[in-house]
Amino acid sequence: MKTAFAKLLQVYEIDHQTIADCWQNIVTHYQQPHRHYHTLHHIQALLEQFDGIKDQLKQPESVLLAIFYHDVIYQTQGKPAMSNERQSAAYFIAELGGFLPIDLQNRVVELIIATEKHELADTNDSDMAYFLDMDLRILGQTDLIYQAYCQQIRLEYQHVAKVLYNFSRKKALKRFLDRKRLYFTERFSTQYEQQARQNIKSEIKTLTLF
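Cut-offs used in this document
- Residues numbered from 1 in each chain as written.
- Predicted model: local features only at pLDDT ≥ 70, side-chain atom pairs only at ≥ 80, totals over all residues.
- Heavy atoms only, no water.
- Buried < 20%, exposed > 50% of the residue type's maximum accessible area, 1.4 Å probe, protein only.
- Helix = DSSP H or I, 4+ residues; strand = E, 2+ residues; numbered from the N terminus.
- Polar contact = N/O pair within 3.5 Å; in protein donor to acceptor, adjacent residues only side chain to side chain.
- Contact = heavy atoms within 4.5 Å.
- Salt bridge = Lys/Arg side-chain N within 4 Å of Asp/Glu carboxyl O.
- Axes fitted to C-alpha atoms, helices over the stretch in contact; angles between N-to-C directions.
- Parallel < 35°, antiparallel > 145°, perpendicular 65-115°, else oblique.
- Left-handed = near helix turned anticlockwise from the far one by under 90°.
- Nonpolar A, V, L, I, M, F, W, Y, C, P; charged D, E, K, R; others polar.
- Phe/Tyr/Trp six-rings, centres within 6.5 Å; stacked < 30°, edge-to-face > 60°.

Considering helix α4 (residues 60–69)
Counting buried residues in α4 gives eight out of 10 residues, a clear majority hidden from the surface. Among the residues of α4, Ser62, Val63, Leu64, Leu65, Ala66, Ile67, Phe68 and Tyr69 are the ones counted as buried.

Here is the structure:
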């Protein structure tokens, strides 16, 4: 991960110390003790997916930067003025805004903020489609992996009462089920759509029972 991050930024002639500092800041955030799913393991999983689809991307560097920064801010308590996604986008600009081309900055911000609702505004935006699909790939994993993911998310909200958590979680999951398609690319839809819907329905049933 560190090597991929450094290699990406070196293209923009950013000095080694700045790159090292930015990387350490990323590590510090993703290793916060309240995180159980939104950790460096999540970033690594996205990077592995990225390697498999990068040749399909029009601007792979923007997607790669969004992978590193899209969950850098992840607060599960309190009511912040901005969502985690918008705070993550702002953090990205604060860290690298002075070093990157403005069009690249704007694109990365757009990608990060899109994870707030996981909706594709422009169906022709294939890079966005791939990025959002990669982020939700976990929904279409095997039953065992999905259950582990559910447990990790619950741990991130362990301070929330069960009744309230179950209600909020079901509401979020039902929004996904109500969509015509969970995944925007044919590649991900073909591979994960059916399993994802099965997983979500199963979780909703469990949340309803308990």
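That shown, we press on.
Digging into the environment of Gln32
Among the structural elements, Gln32 can be located in the loop between α2 (16–30) and α3 (40–53). Separated by 144 residues in the primary sequence, Gln32 and Phe176 place their C-alpha atoms 28 Å from one another. In this structure the side chain of Gln32 is engaged in a polar contact, spanning 3.1 Å, whose partner is the side chain of Arg35.

Description of the side chain of Thr76
Here Thr76 lies in the loop between α4 and α5 (84–96). Overall, Thr76 belongs to the buried group, its relative accessible area being 11%. Within the structure, the side chain of Thr76 is placed 3.1 Å from the backbone oxygen of Glu156, a separation counted as a polar contact. Setting aside chain neighbours within four positions, we find Thr76 in contact with His34, Glu156, Tyr157 and His159.

Considering the pattern of salt bridges
In the structure shown here, the tally under the stated rule is seven salt bridges. The partner of Asp51 in a salt bridge is Lys54, with the nearest N and O atoms 3.9 Å apart. Across the salt bridge formed by Glu203 and Arg169, the nearest N and O atoms sit 2.8 Å from each other. You can see Glu203 sitting in helix α10 (residues 186–209) and its partner Arg169 sitting in helix α9 (residues 162–177), a full 34 residues away along the chain. Summarising the burial analysis for this pair, Glu203 and Arg169 share the class buried. Here the salt bridges do not stand alone but share partners, grouping Arg107, Glu110 and Asp125 into one network.

Points about the packing of α3 against helix α7 (residues 126–135)
The geometry of α3 relative to α7 is characterised by a closest axis approach of 10 Å and an angle of 140° between their N-to-C directions. Classed by the angle they form, the pair α3 and α7 counts as oblique. Classified by chirality, the crossing of α7 by α3 is right-handed. Here His42, Leu46, Gln49, Phe50 and Ile53 of α3 lie close against α7, whose contacting residues are Tyr130, Met134 and Asp135. For the contact of α3 with α7, the per-class residue count stands at five nonpolar, two polar and one charged.

Quick look at the packing of aromatic side chains
If you walk through the whole model with that rule in mind, you get 13 aromatic pairs. Centre to centre, the rings of Phe5 and Phe68 are 5.1 Å apart; their planes meet at 75°, and the pair counts as edge-to-face. Of the two residues, Phe5 sits in helix α1 (residues 2–10) while Phe68 sits in helix α4, which places them 63 residues apart along the sequence. No difference in accessibility class separates Phe5 from Phe68, as the two residues are buried. Summarising the aromatic geometry, the rings of Tyr130 and Phe188 are spaced 6.4 Å apart at their centres and angled 70° between planes, so their arrangement reads as edge-to-face. Here the residue Tyr130 occupies a position in helix α7, and Phe188 occupies one in helix α10, the gap between them amounting to 58 residues. Through pairs of rings, three or more aromatic residues link up here, namely Phe5, Trp23, Phe68, Tyr69, Tyr91 and Phe92.

Some points on the packing of α1 against α4
Remark: α1 packs on α4, axes separated minimally by 11 Å, with the N-to-C direction vectors making an angle of 135°. When the axes of α1 and α4 are compared, the pair comes out oblique. The two elements α1 and α4 cross, and the hand of that crossing is left-handed. Across from Ala4, Phe5, Leu8 and Leu9 in α1, the residues of α4 making contact are Glu61, Leu64, Leu65, Phe68 and Tyr69. Looking at the contact of α1 with α4 residue by residue, the class counts come to eight nonpolar, no polar and one charged.

So yeah, pure geometry; function would need other evidence.
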